[in-house]
Each structure stands twice: as structure tokens, then as C-alpha cells.
Amino acid sequence: MDQQEKIKLLQRIVQMETVNDHESLVADYLATLFQPYPNVEMTRVRYKSGRDNLVVTIGTDHHRQLGFAGHMDVVATGDPQKWDHAPFSGDITDDFKMVGRGASDMKAGLAAMVIAALELLDQGEPQHGQIKLICTIAEESTMVGSEQLTKEGYLDDLDALVICEGSGLDISYTHNGDIDYRVTSHGKAAHSASPEMGVNAIENLMTFWHTAKAELAKFDETDAVLGNLLHNVTVIKGGEQINSIPAEADLEANIRLIPQTPAKVVKQRLEAVIATLNQQPGFELDLEYLLVGDALPGDQNVDFVQFVKRETEAEVGHEVTLSGDKGTTDGSKFIDSKGDFPMVIVGPGSNTAHQVNEYVDLNQYLKAIELYKNISLKFLEGDN
């Protein structure tokens, strides 16, 4: 592909409105790009209508298998009037940036890994080993895509994995895990002049929050890279009228896990809080998990991490940073696969993810394509 074709491909998928849904638009398009190649194996893994994961495998020799992962969904745009360009325009600015929701997070990384595979196919590669492209749904919400692919064994044979999230072509080798949960408090409505006749759902919810916050604060382990466990309430709803005792209220909260605090243990602590409070008169609390993913453990001295660092520095022409990522990726689900393989996060992107005027530097995007090709050939030939 020439440079303009590569940019056009990215622009086309940025223009697809895949806000927490409709990823099949991207999956269908990407599948058409590989259809002319007879030896490519493609599998659509459906979650539900309009939401297909896509797995593409190239190469026939099982010497080694290298994975590249990217998600096809994006977050909501916010107020479109606050954007300088329409959120799904894929407009290119004078300074060679593409603007659009998902341009950085992470359709640039997704497009780069796809183009790298297509160009290798055109070169008759890979001749040693296989490359597997893992295109997921719902990374920005529930991660059901990566969870589904992991459970069905699509990653079990991998020897290493590159997660192509927009890192600015710096490298992360570990990241936080995530528990998103909702607690609903059921009370009894009454006139606010006679509160004894009701049960205040908001007050009971606040009791839960203060108790849970104190209990989870007891997880005082510290990770040298990721820091401490974080626990924040982020959404609260409740009540109908100012002079009525509220019959229902709920809150949503986010927990950022570190490797020393696995999700299973933290969930047990939360559930114990709920069970204890529900034994008290007037308490009726329901707990629902919206997302559960463990932290991605990692070691910067692992051979694959150092190999990717060398290749990235050779491509960008300067030293790159090795660090931990405070966010969470599909890696939180991939670690549950049967295979024991290293993962790194490196991809084109900016610090504008989830913001208005999200963009990716197209020079960085083009470098990522070359980087992924070099990583593929050298890894599959055993050069790491």
C-alpha cells in the first residue's frame, strides 16, 4: 500500500460509528481486505447481532505464533459542538494529524496491525510461524469480547502478544486491573415529615459506601510500578422528590487493582460488606458487577519486552519509555488464557483518548506499521 491508501484505510474505520456497539461494521470491512488471500484463516466470533469479534491468522508454519490485539469499539463523543471537527469525520489537519473519536483509542493501532499483516502477505511472509490478529468488541465497557475469545481458546497457542493501544509508541509492560460495580439500595417511601414510616435508601447506600471504602482501604499493598489499589464512587442516583423519603438509590464505583490485589479477593471483601449490612434491619442491598479484570503483571526485563523496546527505538530513532499503564486493556482478560506468554502495549496514539478533538499523529501511525512488520519477522525467526 502507498501512504495515501494507509491513511484512507484508517480514515474509513474512524468514520464508522462504533460507540459501544456495531463493531461488525469494522469486522466486516477488515475481513474484505483479507479475502483475496487464499491461505488466510478468518473467524468471526459473534457475541450478538452487530457485535462480531474477528480473528485473522496468517502463516502456516507453527514454529512460533505472535499475536496482535486491538479493539473496534470507541467511547461516546460527548457534546459534538465542542469538537473542532465532526467526531466521526476522520479529518486530516494541516499538521498531519487525523481527528476523530477512536483515532487514538485505538483505531490507529488496529489499522496499523492490519496493514502490517497485509503488507507481509504481499511479500510472501511470514515464512516462519504465524501471526494472529485479534480484533475485539466492548473493550471500552464490559470486555466481553476479549473474555469470549479467551474462554474459547483463541489465545492459547500464542508465544507473545502485542496490544496495539495508543501509547504514543512508548511501551507498557504492566497495567492496573479494574472492577466496576453497582450497588442498589431498596428502601421504603414515606413523607419526609414522617421518616420513621419509611426506609431511607440513600442513607443505607451511604452506610454501604463508607463501610466499603474503609474495608477496601485495608488492602495496603503497594506495587512498585502501579502504586496502590484505588477505590472511587463515580455515579450516584436516588430519590424522586425533596419531601419524600427515597425508596431506591444506587451508586456505581470503580476499583483499580494491582497485581497484589487480585479481583477474586477484592470481590470477596465487597460481598462480605453487603452480606453483613443486609443482616441489619431495613437494609436491602444488591451488588452487581459491570466489569471485572485483573491487573496485568509484567517484568520489564523479560526478553520479549526488551526485544520490542529495541525494535521500537530503532524505528522511532530515540529512546522509548518502559512503564506501567494506569488504565486497563483487554490484557486483563487475556491473562486467563491457557498459554503463558508475555504481553506488551505499544501503539500509535496521543493523550487525547476519551477527550474532545481526539487525534493521532499520522507520522506515528505510519511508523507503527513498519514497527509491527519488523517485530513480526524478527520474532517469528527467533531473533529475540
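Owing to the predicted nature of the structure, the values given are computational and were not obtained by experimental measurement. (Residues numbered from 1 in each chain as written. Predicted model: local features only at pLDDT ≥ 70, side-chain atom pairs only at ≥ 80, totals over all residues. Heavy atoms only, no water.)

**Thoughts on the sheet that holds strand β14 (residues 248-257)**
Strand order in the open sheet made by the four strands is β12-β14-β8-β15, with antiparallel pairing throughout. Two strands lie at the open edges of the sheet, namely β12 (230-238) and β15 (285-293), each paired on one side alone. Here the strands of the sheet are splayed against their neighbours by 15° on average, with no regard to which way each runs. In this fold helix α5 (residues 201-216) packs onto β8 (177-186), β12, β14 and β15, with an angle of close to 15° to the strand it touches most, β14. Running over the sheet, helix α6 (residues 263-278) touches β8, β14 and β15 and is turned about 170° from β15. (Pairing = 2+ DSSP bridges. Helix = DSSP H or I, 4+ residues; strand = E, 2+ residues; numbered from the N terminus. Axes fitted to C-alpha atoms, helices over the stretch in contact; angles between N-to-C directions. Contact = heavy atoms within 4.5 Å.)

**Describing unusual backbone geometry**
Between D105 and the following residue, M106, the backbone shows a cis peptide bond with an omega angle of -10°. Checked against the element boundaries, M106 lands in helix α3 (residues 103-122). That bond from E125 to P126 is cis: its omega, 0°, falls within 30 degrees of zero. Despite not being glycine, H354 shows a phi value in the positive range, around 70°. Mapping H354 onto the fold places it in the loop between β17 (343-345) and β18 (359-361).

**Focus on the packing of α3 against helix α9 (residues 362-380)**
Packing of α3 against α9 brings their axes to within 8 Å, and their N-to-C directions diverge by 50°. Taken together, α3 and α9 sit at an angle that is classed as oblique. When the axes of α3 and α9 are compared, the crossing they make is right-handed. Each of A108, G109, A111, A112, M113, I115, A116, E119 and L120 in α3 lies in contact with α9, whose residues at this interface are Y365, A368, I369, E370, Y372, K373, S376 and L377. (Parallel < 35°, antiparallel > 145°, perpendicular 65-115°, else oblique. Left-handed = near helix turned anticlockwise from the far one by under 90°.)

**Some thoughts on the environment of Y173**
Its location among the elements puts Y173 in strand β7 (residues 171-175). Here Y173 falls in the buried class, since its relative accessible area comes to 7%. For the pair Y173 and V26, spaced 147 residues apart in sequence, the C-alpha to C-alpha distance is 27 Å. (Buried < 20%, exposed > 50% of the residue type's maximum accessible area, 1.4 Å probe, protein only.)

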